[in-house]
Protein chains: 2
Amino acid sequence: MTAPTQVRVFAPATLSNLGPGFDVLGLALERPGDYVEAEWSDRPGIELVEVTGDDGRLPREPDRNVVGIAASAALGATPRDGEAPGVRLRLHKGMPLGSGLGSSAASSVAGALAVSELRGGALDTATLIACALEGERFVSGGVHADNVAPSIRGGIVLIRSYDPFEVLSLPVPSELRVAVVHPHTSVMTAEARRLVAEKRFEIGQAVANLGQIAAMVTALHREDLGLFGRAISDALVEPIRAPLIPGFAEVKQTALEEDALGCSISGSGPSVFAFAKSDDHAERLAGRMSERFQEVAGLACDTHTGPINTAGARKVSG
Amino acid sequence: MTAPTQVRVFAPATLSNLGPGFDVLGLALERPGDYVEAEWSDRPGIELVEVTGDDGRLPREPDRNVVGIAASAALGATPRDGEAPGVRLRLHKGMPLGSGLGSSAASSVAGALAVSELRGGALDTATLIACALEGERFVSGGVHADNVAPSIRGGIVLIRSYDPFEVLSLPVPSELRVAVVHPHTSVMTAEARRLVAEKRFEIGQAVANLGQIAAMVTALHREDLGLFGRAISDALVEPIRAPLIPGFAEVKQTALEEDALGCSISGSGPSVFAFAKSDDHAERLAGRMSERFQEVAGLACDTHTGPINTAGARKVSG
């Protein structure tokens, strides 16, 4: 095995709960994302020697930080032969925490991938997902893979089933662009999850989302962006979570007035996404949406625009 | 206009509530189906002069029989110019009532199509669907289009949205075959609907169906019959309706043991369908499933096997 002695990997941010696809549809962004550096160490297990970009908010203990948990799972995922006993990690957060853009998933994926690359690419995609989900399970208590799977695989990813676990990559129309607006407010993920878990739904709400998600997938296969936009609609979860984001209704209205191909909440928010037909369109949407957040809710925003990241998490060097 | 003076049309039976796609996914069968003959008449409005094949169970009044209601809607759907004032109809039921195979939809579609063809094909598909739904609304009180739309269009049809109404045709893999088993027992459609309407669902049940329907659509686009079969799974409605069909659990188990590509209830039952990879496979499934209904519930069955009907309702003569 000609494995490197140290590696640097990147794992992208993701949009999850995509439109009608609560817990089952996500996609990878070109940026932002997290970087992890890993090197072999004579000290057994995982060491986390540095975390940057988190304003000191994340745990430094490797067994309480998702990057360490996922890395540890990756270290134990396959038999080891002649390797050093431990791995030393450095995590560089390139994205805000609690934004709804899969921050913990990106760190988990980067941790698992860094160890895999250090081991010469020892782990296949399914195993990487399983290892990264260990990190997600630690922070959320449950398993939802619609951030981890697209961060690893890139593109637009569907979780067909959690038991047995099966993931499918969907076609990505070449012209599709995304505008993401992250207003500087916080949504408690656990609270947002609890509201949905406690809610009971009428069959008509489920039927609405079933029609839309099936149309969304059809649109991706047909490269029909108009249909794709019409299908970005969520009768189940968005109505529950929208009130947690000040100004969401107005921002969505603005996006649709600017011909966005749908607009909804990413993850449990507060980030809001809209799809666009071109780079210029995406830029205009991001600008108008962030202006609107400022106007109606006094919220400053970061924005990200670009194509879908079809490559997913990758080794940058090593 | 070179419209005929009399026509004969056929509208096929349909499977609806297809797997995870309650109220949104249906498909057309090659047979059975209903025939309607229509001719111009000097007596204004719709006359229903003959109904056969229903053992006298359907209303003979044209405004209380779906065929007359849909035909009347089709007569009024576009401006009329120089036509006779009325239409005389004959309905020949070629399929059992209350079987879960879209009997009322087939009659509604045939009624609307017969009038359209008598008028030289005056109505487009969207209008035909709207007219046929008038018949469905009369018998069920609500609007569900997953029988009417595939009966008219043929193939596998998705209802993206009811408001606004939008229907999409999905790809039909050329090797896909279906086995339908109709056990001779009755399910009260209204009761089956009420059970679902009154039920409240957990988010996890919706998530399960969202993943499956998205995978089902992906499978159709990829012509991946294995994936298609894995996706025929319904966590929302099948658990509620299965107990209404004696022997369903055993029959489904038998189908899956015989390598069926999924097995579920059509409409509100009692018909049960399974997908197959060949004509022989479909025949074997139908045979084993009907034997099983007889063994465990003492029910005799009709069976239907064949490809998906991609043509849909059509003029047979005139």
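Residues numbered from 1 in each chain as written. Chains lettered and ligands numbered in written order. Predicted model: local features only at pLDDT ≥ 70, side-chain atom pairs only at ≥ 80, totals over all residues.

*Asks:* How should the overall build of chain A be read in this particular structure?
*Replies:* Each helix and strand in chain A was counted, giving 10 helices and 11 strands. The buried share of chain A, taken over its 318 residues, is 56%. (Helix = DSSP H or I, 4+ residues; strand = E, 2+ residues; numbered from the N terminus. Buried ≥ 20, exposed ≤ 12 C-beta atoms within 10 Å, placed from the backbone.)

*Asks:* Explanation requested: unusual backbone geometry in the structure shown.
*Replies:* Leaving glycine out, the prevailing phi sign among residues is negative, and the prevailing peptide bond configuration is trans. The amide bond that connects Arg-31 of chain A to the next residue, Pro-32 of chain A, takes the cis arrangement and shows omega of 5°. Here Pro-32 of chain A is to be found in strand 2 (residues 25-41). Of the consecutive residues Asp-163 of chain B and Pro-164 of chain B, the connecting peptide bond is found in the cis state with omega at 5°. Among the structural elements, Pro-164 of chain B can be located in the loop between strand 5 (156-162) and strand 6 (165-170). Although it is not a glycine, Asp-259 of chain A adopts a positive phi angle of roughly 65°.

*Asks:* I keep staring at the domain arrangement of chain A and nothing clicks. Help me out?
*Replies:* Reports often express the size of an interface as the amount of accessible area lost when the parts come together. Residue and element names in this part refer to chain A. Domains assigned within chain A are domain 1 (6-170 + 310-317) and domain 2 (177-307). Using C-alpha coordinates to define each centre, domain 1 is positioned 25 Å away from domain 2. Facing the 20 residues of domain 1 at the interface are 31 residues of domain 2. The element contributing the most residues to the side of domain 1 that touches domain 2 is strand 2, with 4 residues. For the side of domain 1 that touches domain 2, the per-class residue count stands at 9 nonpolar, 9 polar and 2 charged. (Domains from an automatic or database assignment. Contact = placed C-beta atoms within 7 Å. Nonpolar A, V, L, I, M, F, W, Y, C, P; charged D, E, K, R; others polar.)

*Asks:* Explain the pairing of strand 9 (residues 272-276) of chain A to me, please; I cannot follow it from the model alone.
*Replies:* Here is the key point about a regular strand: its side chains alternate between the two faces of the sheet. All names here are of chain A. By the criterion of burial, strand 9 is predominantly enclosed, with 5 of the 5 residues buried. With 5 bridges connecting them, strand 7 (residues 177-183) and strand 9 associate as antiparallel partners. Across the sheet, the residue bridging to Val-180 is Phe-273, located in strand 9. Sheet topology note: the strand 8 (residues 263-265)/strand 9 ladder contains 3 bridges and is antiparallel. When the sheet's bridge partners are listed, Cys-263 is paired in strand 9 with Ala-274. (Pairing = 2+ DSSP bridges.)

*Asks:* Would you take a moment to explain the interface of chain A and chain B for this structure?
*Replies:* Facing 32 residues of chain A, the contacting portion of chain B comprises 32 residues. Of all the secondary-structure elements, those providing two or more residues to the side of chain A that touches chain B are strand 5 (156-162), strand 6 (165-170), helix 5 (189-198) and helix 6 (203-222) of chain A. Looking at which element gives the most residues to the side of chain A that touches chain B, the answer is helix 6 of chain A, with 13 residues. For the side of chain A that touches chain B, a count of residues per class yields 20 nonpolar, 7 polar and 5 charged.

*Asks:* Please explain the packing of helix 9 (residues 248-257) of chain B against helix 10 (residues 279-297) of chain B as it appears in this structure.
*Replies:* When two helices pack together, their arrangement is given by the angle between the helix axes and the distance between those axes. Residues and elements named next belong to chain B. Packing of helix 9 against helix 10 brings their axes to within 9 Å, and their N-to-C directions diverge by 150°. As summarised for this structure, helix 9 and helix 10 are arranged roughly antiparallel, according to the angle between their axes. Helix 10 is crossed by helix 9, and the crossing has right-handed handedness. Where helix 9 approaches helix 10, its residues Glu-250, Val-251, Thr-254 and Ala-255 are matched on the opposing element by Leu-285, Arg-288, Met-289, Arg-292, Phe-293 and Val-296. Of the residues that constitute the contact of helix 9 with helix 10, the class distribution is 6 nonpolar, 1 polar and 3 charged. (Axes fitted to C-alpha atoms, helices over the stretch in contact; angles between N-to-C directions. Parallel < 35°, antiparallel > 145°, perpendicular 65-115°, else oblique. Left-handed = near helix turned anticlockwise from the far one by under 90°.)

*Asks:* I tried to follow helix 10 of chain B on my own but got confused; where do I start?
*Replies:* At 3.6 residues per turn, the α-helix brings residues three or four places apart onto the same side. Residue and element names in this part refer to chain B. Between the first and last C-alpha of helix 10 there are 27 Å, a value that for 19 residues agrees with the 27 Å anticipated at 1.5 Å per step. Of the positions making up helix 10, those classed as buried are His-281, Ala-282, Leu-285, Ala-286, Met-289, Ser-290, Arg-292 and Phe-293. Each buried residue of helix 10 lies within a common arc of 155° when the element is viewed along its axis, so the set occupies one face. Packed against the buried residues of helix 10 are strand 7 (177-183), helix 9, strand 9 (272-276) and strand 10 (301-307). In the stretch just after helix 10, Gly-298 is the one whose phi turns positive, near 65°. (Expected span 1.5 Å × (residues − 1). Arc of directions from axis to C-beta.)

*Asks:* What exactly am I supposed to notice about the environment of Tyr-35 of chain A here?
*Replies:* Residues and elements named next belong to chain A. On the secondary structure map, Tyr-35 appears in strand 2. Classification of Tyr-35 by C-beta neighbours within 10 Å gives buried; the count is 20. Measuring from C-alpha to C-alpha, the distance between Tyr-35 and Ile-203 comes to 43 Å, with 168 residues separating the pair along the chain. Other than its neighbours up to four places away in sequence, Tyr-35 contacts Arg-8, Phe-10, His-92, Gly-94 and Ala-110.

*Asks:* Any chance you could explain helix 9 (residues 248-257) of chain A here in plain terms?
*Replies:* All names here are of chain A. Looking only at helix 9, the buried set comprises Phe-248, Val-251, Lys-252, Thr-254 and Ala-255. All buried residues of helix 9 fall inside an arc of 160° around its axis, so they share one side. Exposed side chains of helix 9 directed beyond 90 degrees from the buried face belong to Ala-249, Gln-253 and Glu-257. Each element contacted by the buried residues of helix 9 is listed here: strand 8, strand 9 and helix 10 (279-297). Two residues or fewer past helix 9, Asp-259 is found with a positive phi of approximately 65°.

*Asks:* Any chance you could explain the relation of the copies chain A and chain B here in plain terms?
*Replies:* Put simply, the second copy of the chain is the first one after a rotation about an axis and a shift along it. Between chain A and chain B, the superposition needs a rotation of 180° and an axial shift of 0.0 Å, giving an RMSD of 0.0 Å. The superposition of one copy onto the other is thereby described by a two-fold rotation axis. (Least-squares fit on C-alpha atoms with pLDDT ≥ 70 in both.)

*Asks:* Please explain the sheet that holds strand 10 (residues 301-307) of chain A as it appears in this structure.
*Replies:* Remark on secondary structure: sheet strands pair via backbone hydrogen bonds, oriented parallel or antiparallel. Residues and elements named next belong to chain A. Ordered in space as 8-9-7-10, the 4 strands form an open sheet in which the pairing is antiparallel. Of all strands in the sheet, those bounded by a partner on one side alone are strand 8 and strand 10. Averaged over all adjacent pairs, the angle separating strand axes in this sheet is 20°, with direction ignored. Pairing analysis gives 7 bridges linking strand 7 to strand 10, with the strands arranged antiparallel. When the bridges of strand 10 are listed, His-182 appears paired with Asp-302. Helix-sheet contacts for helix 10 involve strand 7, strand 9 and strand 10, and the interaxial angle to strand 7 is about 20°.

*Asks:* In this structure, what is going on with the sheet that holds strand 10 of chain B? I would like to understand it.
*Replies:* Residue and element names in this part refer to chain B. Ordered by their spatial adjacency, 4 strands build an open sheet running 8-9-7-10, and the pairing between neighbours is antiparallel. The open sheet terminates on both sides in strands that have one partner only, identified here as strand 8 (263-265) and strand 10. Within this sheet the neighbouring strands show an average axis-to-axis angle of 20°, counted without direction.

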